[in-house]
There are 2 protein chains.
Amino acid sequence: MSKGLTSRSEDYSQWYNELVTKADLAEHSSVRGCMVIKPYGYSIWEKIQAVLDQKFKDTGHSNAYFPLFIPKSFFTKEASHVEGFATECAVVTHYRLKNDGNGNIIVDEDAKLEEELIVRPTSETIIWNTYKGWIQSYRDLPILVNQWANVVRWEMRTRLFLRTTEFLWQEGHTAHATSEEAQAETAQMLDVYADFAENWMAMPVVKGKKTANERFAGALDTLCIEALMQDGKALQAGTSHFLGQNFAKAFDVKFANKEGKLEYVWATSWGVSTRLMGALIMAHSDDQGLVLPPKLAPIQVVIVPIYKSDEEFAKISEQVEIITKALKVKGISFKYDNRDTQRPGFKFAEYELKGVPVRLAFGGRDLENNTIEMARRDTRTKETVSRDGIADVIEKLLEDIQQNIYKKSFDFRTEKTTKVNSYDEFKKVLEEKGGFISAHWDGTPETESKIKEETKATIRCIPLNNVQEEGICMVTGKPSSQRVLFALAY
Amino acid sequence: MSKGLTSRSEDYSQWYNELVTKADLAEHSSVRGCMVIKPYGYSIWEKIQAVLDQKFKDTGHSNAYFPLFIPKSFFTKEASHVEGFATECAVVTHYRLKNDGNGNIIVDEDAKLEEELIVRPTSETIIWNTYKGWIQSYRDLPILVNQWANVVRWEMRTRLFLRTTEFLWQEGHTAHATSEEAQAETAQMLDVYADFAENWMAMPVVKGKKTANERFAGALDTLCIEALMQDGKALQAGTSHFLGQNFAKAFDVKFANKEGKLEYVWATSWGVSTRLMGALIMAHSDDQGLVLPPKLAPIQVVIVPIYKSDEEFAKISEQVEIITKALKVKGISFKYDNRDTQRPGFKFAEYELKGVPVRLAFGGRDLENNTIEMARRDTRTKETVSRDGIADVIEKLLEDIQQNIYKKSFDFRTEKTTKVNSYDEFKKVLEEKGGFISAHWDGTPETESKIKEETKATIRCIPLNNVQEEGICMVTGKPSSQRVLFALAY
């Protein structure tokens, strides 16, 4: 294991790429834009999945599975939807290879599909085509379904976890009898995401609404959670869409209401993806490696023995077992790294790189003194403590770490959120400080596009429950009733 | 909900199709050969996944994720592998659609891929190409990785769960320093599958080895578990392959052994798929619907109130809560179906169709007598029992049901396994009785192919730990040292 990460201040982007690879989270595959998620990275994703899945079930949703392929004709049924995705989709055109007689394996032109299939970039179309068969009356509603799946969006410039051609995600697709109910669902799922981001990922987020320019292709409203990374760029961490009746109309999905009258069904969709892994990495990690919130760390505590003889090793191992038994009772995950092929210093560096929240080092002197050295990853501090009631101490420490890294992120965001009142000030802050910039905007897509063109900053969201205040657009001087949040973004 | 399944004796195949659809397990999608797994069906698959995933982890494996797409050149590197899969694979050739100017969305010929991508039918090639970067020395071995994923094999004739173009599965891919270790892994994972089939699915299986004709494309040995369905046809429920050094050679994956000498790495792969759902359905279900083993039933106990007044309903609900609390303590899953939109008889039929193992019916008289009506799905019998200690009674009953349906399947298989000594007898038994037929065979692919051509029966496996006995091949009269198992198969 080689260490030596590029520092964040030196080259943030390089730091990220090195960290993802060296901490064994993911790597580029030989397939353009597609990543391999390595076992350690995948074990974090499994924790994310487990927590979210439970939250979805607790709010009444069930999982299901829909086809990977979407017939081209379905895909094109909702006009703005196809416009949003057509330029980045993988197309299956044939279903067989053959030997050309010269020993080469080539595509068999006799096996050309009558209708091309699109590898799903998102599943609204195939799902609403299915829901047509599931919905006749108001009694069939609501449908509250989620799918864990892989999706493909052909990206020209990719980055591990943040933007890959294939990624893993969950996509919720719900069907409702009324607009109000669908909007309530949209808001509820945004809350689920925000709760997860803040209380599990330890990452503060702003809940808001996207402008028309930034909306999901086919939605009436897109709600989002926006987080701030350590380089001052924003990252959209989850979206929840109110789709109105757009997909019901495109796929002719109607229901008989209580009065027996046919109406189009109301829809939502919502999703988070392996992009959350990128957010998790960037939100907390430092120049020494990953910093993981204890609630999502696959290994919460690692124990490293430091010994001079086999006899001492045996005695330490015996005492370690007492500790691990107590940790097990509390449901704290641990690893006793008793490999004799690596030295303690190597192990310390490895677990630091991999972001294990608590490291215990157990040496010969600890045997005599009934102590152990306890180091926390977030602050990189350590102390020697008594082994009496050590599991309680660790449990408390894990909670402290979870809270501390949240607070650190929260304070960072507060420091990096700036109100500006002129376009010059906006540009200056954007260049010198970055972060979220709160500014008045005239509400038009034209002004938003102009700002994006000139500065690359986008409106990340119009915060929910935003303060209403009179102001003037920093660019056009036209009246504005509220500030919106701008930032450079991933 | 309409009932009225076609009976098994009338038309087994039709019975199966109706059952899968009517019990809300799955349905055909509009994409040729691809299914939609509906929430109830998916909840059974989730239980299967959870149990298997824990077993994989308990045997030291970690999950990871590899790309959906495989470059054509990788796919063709292992000669017998490509031969096995080339004629049934979906090929991605383009990465963009465009508007043709007349309002039609067409494939953009300017976005043709330089190298076509194959949608994975299995992942040996892309994974071994990745392992090349992970393995340098014996210290990097073994690699014990599993992936849960979707795969695509273009099938001309499809059946829900049993044979679909896209299906869900897990594929384990391990790398080892020695042939012995890889073979031990192959055997271990077969045992995991057999244990799962017998003790969770309540489905007895024969563990065996495939003949060369039936081997996985690229394997030196394929081990399998074979189950018998109620129509007397066999179903391959899981396979574990010893791949030798074939993929290591194709992708040039070598390791330095302890002496510093370079050697090719040894490989295994093993998988089960949503096909298990088909096996589970066919193994136990009857003309009234699904019969699920309690250990895999999403709902183990359903409680239906039968009341004449709101007051009685309230009193029943109060008593039901006492029962459900006790069930919860024991980790028994339940549903209290208090819908007032459906009558009890309708509910009874629905849960029978969906295979809920235990049904409790709670009526007015039960209030007075401290009783409840308890019905078991497997035997379709019911009795009125005291509510004192009812959770203990139900816990015991669930165990009984699990054992009973296993025993029923086991006895059925015993009855349907026939030893024959001549080809005429073989044909007669195959036609009149079906099931497993144990017969001598001369060990040649030619004889095996002849039998398949003439009777459609295949050698399902050479059972592990097979009795060695002298005999003569029923077809050619050549000497044979053991019997093998033939059957018609799914």
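So, here is what we can say about the structure in this document. (Residues numbered from 1 in each chain as written. Chains lettered and ligands numbered in written order. Predicted model: local features only at pLDDT ≥ 70, side-chain atom pairs only at ≥ 80, totals over all residues. Heavy atoms only, no water.)

### Structural notes on the side chain of Glu448 of chain A
Residues and elements named next belong to chain A.
Next up, step 1: Summarising the element assignment, Glu448 is placed in helix α14 (residues 445–455).
Next up, step 2: Despite its burial, Glu448 pairs with no opposite charge; the closest candidate is Lys452, at 7.6 Å N-O.
Next up, step 3: For Glu448, the residues in contact, after removing those within four places along its chain, are Thr211, Asn213, Glu214, Trp441 and Ile459. (Helix = DSSP H or I, 4+ residues; strand = E, 2+ residues; numbered from the N terminus. Buried < 20%, exposed > 50% of the residue type's maximum accessible area, 1.4 Å probe, protein only. Lys, Arg positive; Asp, Glu negative; His and termini not counted. Salt bridge = Lys/Arg side-chain N within 4 Å of Asp/Glu carboxyl O. Contact = heavy atoms within 4.5 Å.)

### Some remarks on the relation of the copies chain B and chain A
Next up, step 1: Overlay of chain B on chain A (RMSD 0.0 Å): rotation 180 degrees, translation along the axis 0.0 Å. What the superposition gives is, in effect, a two-fold axis relating one chain to the other. Minimal C-alpha separation from the rotation axis in chain B is found for Val92 of chain B, amounting to 2.1 Å.
Next up, step 2: Most of the interface of chain B is mirrored in chain A: 100% of its interface residues are interface residues there too. (Least-squares fit on C-alpha atoms with pLDDT ≥ 70 in both.)

### With respect to the interface of chain B and chain A
Interfaces are often described in size by the accessible area the parts lose on coming together.
Next up, step 1: With 60 residues of chain B in contact, the opposing surface of chain A contributes 60 residues.
Next up, step 2: Approximately 4,900 Å² of surface area, both sides summed, lies buried where chain B meets chain A, with 70% of it carried by carbon and sulfur atoms.
Next up, step 3: Looking at the side of chain B facing chain A, the largest losses of area belong to Tyr65, Tyr95 and Leu97 of chain B, adding up to 14% of the total buried there.
Next up, step 4: A salt bridge links Lys57 of chain A to Glu46 of chain B; the nearest nitrogen and oxygen atoms lie 2.9 Å apart.
Next up, step 5: Our count for the contact surface shared by chain B and chain A stands at 30 residue pairs in polar contact (both at pLDDT 80 or more).
Next up, step 6: Per-class residue counts for the side of chain B that touches chain A are 38 nonpolar, 11 polar and 11 charged.
Next up, step 7: Pairing of strand β5 (residues 91–94) of chain A with strand β5 (residues 91–94) of chain B, which is carried by 3 bridges, proceeds in the antiparallel orientation. (Buried area = accessible area lost by both parts, 1.4 Å probe. Polar contact = N/O pair within 3.5 Å; in protein donor to acceptor, adjacent residues only side chain to side chain. Nonpolar A, V, L, I, M, F, W, Y, C, P; charged D, E, K, R; others polar. Pairing = 2+ DSSP bridges.)

### Quick word on the side chain of Lys210 of chain A
All names here are of chain A.
Next up, step 1: Along the chain, the position of Lys210 falls in the loop between β11 (206–209) and β12 (221–228).
Next up, step 2: Reaching out from Lys210, the side chain makes a polar contact with the side chain of Gln236 at a distance of 3.0 Å.
Next up, step 3: Once residues within four sequence positions are removed from consideration, Lys210 is found in contact with Arg215, Thr222, Cys224, Glu226, Gln236 and Arg460.

Taken by themselves, the reported measurements are silent on function.
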